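Remarks on the overall topology
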Amino acid sequence: MSEAQIFKRSFLTTYSQGVIVMILVSVFFVHTPILLDRLNMTESQFGLAMLFFGIANVITNQLATRFLIPRIGTTNCLIISRLVYAFIPFIIFFLSDYFWFFLLFIPWGIAVGIQAPSIFTQVAIIESKTKKILNPIFVSSFSVGGIIGASLSSLVLGLSIDPKLTFLILGILISLSSITLFFFGLPSKYDIVNESPKFTLPSPSIFLYGSVMMLNFAAFGIILNWSSLWLIKDILAPIYLAGSIIIFFQIGAIASNVLASKLIKNLNEKIVGPYLSIIGSILLLLSIMTMNLYLIFIAITLFGFFTSNVAPIIYRQAVRVSKKPITVTISHVSSIGFSGLIFGPAIVGYSAEKLGLTFNMYLLCVVFLISSSIMAYLMNQKNMAEGLSR
């Protein structure tokens, strides 16, 4: 098998992992209204669990980058992390006490902390070897998984299927998908092994790129965690439409990710990244003001299309400007980015309880406006610096 075929197979395998994990995550968060009622849990308590998920995630992210990935490689790290969290949602729906729910979010955060730098490092390796724009295409795997998960949720909720059965099947699917990584994942000779990086602080530019990612992760959490509850409580939509915002958002995101390469070549990363994101945020803000379900569906689809390439462009820009190894750069950006999962859920959970879920949807738009403006500034500064150096 040629190197080109090996990298194509490895990328498709990695892509499938993104799809499957987002099916699990999407189904879990669409079931949030049931979970809150089942455990008699407030929005703040749910946000607190997500806070500790984020803390575990960020700490493990750094440890995995410096100790685990260099010793066993990204493919093995992905297999381990997925086996750790595969059945956690299934176990959660057996619980009747918030304390155990809270505790289970910590190992889930640890597992995702291993998975995140591994999967994005793997994509960056394949991208650098093939000289192709693959990061936006890979990110579309999350959107595909999100649509499948939200659609599946609407089906199982409409049919009143027991969540335990749903998450048992999904846990088995995650476990089986890990086997495909073992056989078809990135071979060890191309992987990053025995390249243990020293601890370093991110440069100012990498810190700012990571901060944009942090704001985006915190804001995306509103769509994923709270949009289902918002539709049912504030818009008064029926339960089978609980996952519809996620579906429409992901439809727009998939279209954007698939077209990303052409969009970037015909326009440029600055337009495709921050400028379109600003437009999408304004459109969504205006639609929420109407509280019209159909206008919101149209606006959230456009929002997904206009914002979904921000994260892959951040990774591409960061790798391009950084003088450090790919693993370190990816770790710095993702660690700072995932810190949005530390303070984001806690703030959003509190504001949902005290100020209402609609306030959170407005907050989503404002945060994206701010983060996109920072990203545009960074990219303008980079272009100015390149112009001066010529």
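Model, not experiment: these values are computed from the prediction. Counting of residues starts from 1 at the beginning of each chain's written sequence and follows it residue by residue. Residues qualify for local features only when their pLDDT is at least 70, as the model is predicted, and side-chain atom pairs are given and counted only at 80 or more; totals for whole chains, interfaces and linings, by contrast, use all residues. To obtain the side-chain values, all non-hydrogen atoms of the structure were used and water was disregarded.

On to the packing of helix H9 (residues 244–258) against helix H12 (residues 293–307), then. Packing of H9 against H12 brings their axes to within 7 Å, and their N-to-C directions diverge by 40°. Here H9 and H12 pass one another in a crossing that is right-handed. For the pair formed by H9 and H12, the contact residues are Ser244, Ile245, Phe248, Phe249, Ile251, Gly252, Ala253, Ala255 and Ser256 on the first element and Ile296, Phe297, Ile300, Thr301, Phe303, Gly304, Phe305 and Thr307 on the second. By residue class, the composition of the contact of H9 with H12 is eleven nonpolar, six polar and no charged. Here the axes come from fitting lines to C-alpha atoms, over the contacting stretch only for helices, and the angles between their N-to-C directions go from 0 to 180 degrees. Numbering of helices and strands starts at the N terminus; helices are DSSP runs of H or I of at least 4 residues and strands are runs of E of at least 2. Definitions for this section: a left-handed crossing has its near helix turned counterclockwise from the far helix by less than a right angle. A right-handed crossing has that turn clockwise. Only heavy atoms matter for contacts: two residues are in contact if any of them lie within 4.5 Å across the pair. For this classification, the nonpolar set comprises Ala, Val, Leu, Ile, Met, Phe, Trp, Tyr, Cys and Pro, the charged set comprises Asp, Glu, Lys and Arg, and every other residue, Gly included, is treated as polar.

Now for the layout of surface pockets. Over the atoms rolls a probe the size of a water molecule, and its path tells where empty space is left. In this structure, the largest pocket encloses a volume near 220 Å³. The method works on a 1 Å grid over the protein atoms by themselves. A cavity is a set of points holding a 1.4 Å probe that cannot get out, a pocket is an open set with protein on both sides within 12 Å along at least five of seven lines, and residues with an atom within 4 Å of a point line them. Residue lining of the largest pocket: 13 residues in total, with Ala124, Glu127, Ser128, Arg316 and Val319 positioned closest to the centre. If you list the elements that add at least two residues to the lining of the largest pocket, you get helix H5 (98–130), helix H13 (310–321) and helix H14 (326–338). Looking at the lining of the largest pocket element by element, the count peaks at four residues for H13. Grid points are joined across faces, edges and corners, and a volume is the space filled by probe spheres set on the points.

A residue's pLDDT is the predictor's confidence in that residue, given on a scale from 0 to 100. The predicted model of the protein averages 83 in pLDDT, with 94% of residues at 70 or higher. The lowest-confidence element of the protein is helix H15 (residues 340–354), averaging 72 in pLDDT; the highest-confidence one is helix H4 (residues 88–92), averaging 92. pLDDT under 50 marks residues 386–390. Its contacts with residues more than four places away, or in other chains, come to zero contacts.

Moving on, we get to the environment of Ser140. Mapped onto the elements, Ser140 comes out in helix H6 (residues 135–158). Using a 1.4 Å probe on the protein chains alone, a residue whose accessible area is under 20% of its type maximum counts as buried, one over 50% counts as exposed, and one in between counts as partly exposed. By relative accessible area, which is 1% here, Ser140 ends up buried. A C-alpha to C-alpha distance of 5.1 Å links Ser140 and Ile254, two positions 114 residues apart in sequence. In this view, Ser140 contacts Tyr15, Ile254 and Asn257; residues no more than four positions away in its chain are not counted. A distance of 2.8 Å separates a polar atom in the side chain of Ser140 from a polar atom in the side chain of Tyr15. Two N or O atoms count as a polar contact when they lie within 3.5 Å, although within protein this holds only if one can serve as hydrogen donor and the other as acceptor, and sequence-adjacent residues are included solely when both atoms are side-chain atoms.

Before going further, it helps to examine the packing of aromatic side chains. In this scheme Phe, Tyr and Trp rings, the latter by its six-membered ring, pair at centre separations within 6.5 Å, and the angle between planes marks the pair as stacked below 30 degrees, edge-to-face above 60, and tilted otherwise. For the structure shown, the criterion picks out 30 aromatic pairs. Measuring from centroid to centroid gives 6.5 Å for Phe28 and Phe93, while their planes differ by 80°, and the two rings are edge-to-face. Residue Phe28 is found in helix H1 (residues 3–30), and its partner Phe93 is found in the loop between H4 and H5; the two are separated by 65 residues along the sequence. Residue Phe93 is classed as buried on the basis of its relative accessible area, which comes to 2%. With centroids separated by 5.5 Å and ring planes inclined at 65°, the aromatic side chains of Phe105 and Trp108 adopt a geometry described as edge-to-face. Highlighted residues: Phe105 and Trp108, both in helix H5, separated by three residues, approximately one helical turn. Taking relative accessible area as the criterion, Phe105 reaches 1% and is therefore assigned buried. Counting every residue linked through ring pairs, the aromatic cluster contains Phe28, Phe29, Phe46, Phe52, Phe53, Phe93, Tyr98, Phe101, Phe102, Phe105, Trp108 and Phe167. The criterion for a charge sitting over a ring is simple: Lys NZ or Arg CZ within 6 Å of the ring centre, and within 35 degrees of the ring normal. Over the ring of Phe94 we find Lys164; its NZ or CZ atom is 5.3 Å from the centre of that ring.

This part is about H1. If you check H1, its first and last C-alpha atoms are 41 Å apart, about what 28 residues at 1.5 Å a residue would give, namely 40 Å. The buried fraction of H1 amounts to 21 of the 28 residues, a majority that puts the element mostly inside the structure. The span you would expect from a helix comes to 1.5 Å times its residue count less one.

Structurally, Ser178 can be placed in helix H7 (residues 163–184). Of the polar contacts made by the side chain of Ser178, one reaches the backbone oxygen of Ile174; its length is 3.2 Å. Other than its neighbours up to four places away in sequence, Ser178 contacts Gln17, Ile79, Arg82 and Leu83.

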